Amino acid sequence: MLPISHFELSMHNTFGLTSYARLGAVAYSRADVIDAVRHARGNELALHVLGEGSNVVLSERIEAFVLLMRIGGCEITDRTRVADFVTVGAGVSWHGLVEWTLTQNMPGLENLAGIPGSVGAGPVQNIGAYGVELAEFFESLVALDTATLEFCEFDGPACRFDYRDSIFKREPGRFIIVEVTLRLPREWQPRVGYSGLEGLEQGTPDQIKDAVVSLRERKLPDWRQIGNAGSFFHNPVVAQTHALRLQNHFPTIPVHPTPDGRVKLSAGWLIEQCGLKGMRRGGAGISADHGLVLINHGGARQQDVALLAEYVRKCVNEKFSVDLVQEPRAL
Ligand SMILES: Cc1cc2nc3c(=O)[nH]c(=O)nc-3n(C[C@H](O)[C@H](O)[C@H](O)COP(=O)(O)OP(=O)(O)OC[C@H]3O[C@@H](n4cnc5c(N)ncnc54)[C@H](O)[C@@H]3O)c2cc1C
């Protein structure tokens with residue numbers, strides 16, 4: 001593998017930010033991944049992996065080695081009476097995988113249809129949507145431990161999955177995921193409790209997938225037309241006492257109790273109540289339709305996005321005493 005200097009990433013992030021890495025390369029195999037780590041070390045650079053760049057905010061000049069993950073492959077590795085097992089290369093498109101499993105008559109992932117990005121990035125933030133998370137279908141993965149240069153296998157508990165979180169997010173840069181195995185149970189139940197999916201109790205997996213994709217298209221701006229990274233902040237989880245205080249002041253505030261006795265709030269609702277929808281800072285702005293989505297009106301830089309995000313956090317904190325945590329990683 002030959003690394004490229006001044007490696008352009010502008011076409012490799014859904015925010016559409018202009019960005020170059022000092023060095024970069026594309027990985028099509030495990031050998032390429034090891035090579036990249038060696039090159040990065042040889043040049044005394046940190047190494048960052050990118051899948052499809054849908055959960056990052058890139059700076060104009062990244063003083064690091066950026067590796068684009070493109071390891072392919074997808075096969076059914078086992079079939080038991082209770083589940084089918086599918087092993088997939090980290091560079092495969094997540095949505096492509098969802099569609100493929102449905103054509104193979106292996107339902108389960110339909111609620112996660114339409115999430116941009118690569119399979120390898122899925123476990124990093126335990127992707128989730130419409131009441132379902134990747135962790136439910138996760139069997140194992142293989143990752144290169146950059147500390148030892150050895151490939152190691154992780155089962156579910158080793159990944160320490162949580163809400164949009166995992167060990168890979170908590171230790172960024174340590175592990176490079178090259179392959180993921182999912183377990184799709186033979187017994188299938190439609191998951192249609194989420195608002196927008198009512199009425200599909202008798203629906204087929206394909207019908208639910210189509211409904212999810214069209215709901216997403218209606219709710220979120222298409223990043224191919226208006227650069228964005230999806231939800232920019234996590235939904236905050238607060239203590240019950242704090243939620244009660246907020247309910248006294250703001251009776252219409254949406255609250256969702258969590259299994260651990262706390263309360264999840266809607267980051268989008270908090271932002272909208274601050275009157276921030278549609279506001280602009282430089283080339284960056286907040287979607288006029290969805291307060292949780294920061295967008296690139298054209299020519300935005302990482303700095304514009306960072307200043308706008310900081311302003312949103314300040315307004316929400318002043319009004320609700322709630323700290324918003326940014327979801328996409330700044331590189
Ligand atoms: C319009 C839109 C809608 C979205 N909707 C959702 C949603 O509903 N639910 C949801 O959970 N997310 C959503 N996202 C966020 C995003 O799609 C997911 O986080 C996705 O998994 C990111 O994949 P990626 O390949 O683009 O990762 P990147 O953006 O390329 O990388 C994200 C992070 O993962 C790390 N990473 C990537 N690949 C690897 C690897 N192989 N090994 C180790 N680390 C790796 C990167 O270093 C980075 O820290 C949305 C994004 C957009 C733009």
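You'll find the protein entered in an unreviewed UniProt entry as UDP-N-acetylenolpyruvoylglucosamine reductase, with Pelagibacterium flavum given as the organism. Of the protein, the UniProt comment under Catalytic activity (unreviewed entry) reads exactly: "UDP-N-acetyl-alpha-D-muramate + NADP(+) = UDP-N-acetyl-3-O-(1-carboxyvinyl)-alpha-D-glucosamine + NADPH + H(+)". The protein has a UniProt comment under Subcellular location (unreviewed entry) that states "Cytoplasm".

A.B. asks: Just to check I follow, could you spell out the sheet that holds strand β17 (residues 280-281) for this structure?
C.D. replies: To summarise the sheet geometry, strands pair through backbone hydrogen bonds and adopt either a parallel or an antiparallel arrangement. Reading across the sheet, the four strands line up as β13-β19-β18-β17 and stay open at both edges, with antiparallel pairing between neighbours. Of all the strands in the sheet, the pair left with one neighbour each is β13 (227-231) and β17. Bridge count between strand β18 (residues 284-286) and strand β19 (residues 293-296): three bridges; the pairing is antiparallel. Residue I286 lies in a different strand from β19, and its bridge partner there is L294.

A.B. asks: What is the right way to read the nonpolar core from this model?
C.D. replies: Within the largest apolar cluster, 39 residues are counted, with the highest numbers of intra-cluster contacts made by W94, L97, L109, L141, F154, F168 and L197. Among the secondary structure elements, those contributing two or more residues to this core are β7 (83-89), α2 (94-103), β10 (138-145), α4 (167-170), β12 (175-185) and α5 (205-219). Ranked by the residues each element gives to this core, the list is headed by β12, at five residues. Beyond its immediate stretch of four places on either side in the chain, F154 contacts F138, E139, S140, L141, A143, C159, I167, F168 and F175. Of all hydrophobic cores here, the second largest spans 32 residues; its members include F232, V238, A267 and C315.

A.B. asks: Help me understand the pairing of strand β6 (residues 74-79) in this model?
C.D. replies: Strand residues, when the strand is regular, have side chains that alternate between the two faces of the sheet. In terms of strand pairing, β6 meets β7 through five bridges, oriented antiparallel. Residue D78 lies in a different strand from β7, and its bridge partner there is F85. What sits between β6 and β7 in their antiparallel hairpin is a turn of three residues.

A.B. asks: Mind showing me how you'd approach helix α8 (residues 302-320) here?
C.D. replies: End to end, α8 covers 27 Å across 19 residues, agreeing with the expected 27 Å (1.5 Å per residue, within 8%). Every buried residue belonging to α8 is among D304, V305, L308, A309, V312, C315, V316 and F320, and all of these are buried. Along α8, the residues classed as buried sweep out an arc of 125 degrees about the axis, all on the same side. Those residues of α8 that are exposed and angled more than 90 degrees off the buried face are Q303, L307 and E318. For α8, the elements touching its buried residues are β4 (56-57), α6 (240-249), α7 (267-273), β17, β18 and β19. With its phi angle positive at about 50 degrees, S321 sits one or two positions after the end of α8.

Cut-offs applied
Residues numbered from 1 in each chain as written. Predicted model: local features only at pLDDT ≥ 70, side-chain atom pairs only at ≥ 80, totals over all residues. Heavy atoms only, no water. UniProt positions renumbered as here; feature names shortened; annotations may be inferred. Pairing = 2+ DSSP bridges. Helix = DSSP H or I, 4+ residues; strand = E, 2+ residues; numbered from the N terminus. Core = buried A, V, L, I, M, F, W, Y, C linked by side-chain atoms within 4.5 Å. Buried < 20%, exposed > 50% of the residue type's maximum accessible area, 1.4 Å probe, protein only. Contact = heavy atoms within 4.5 Å. Expected span 1.5 Å × (residues − 1). Arc of directions from axis to C-beta.

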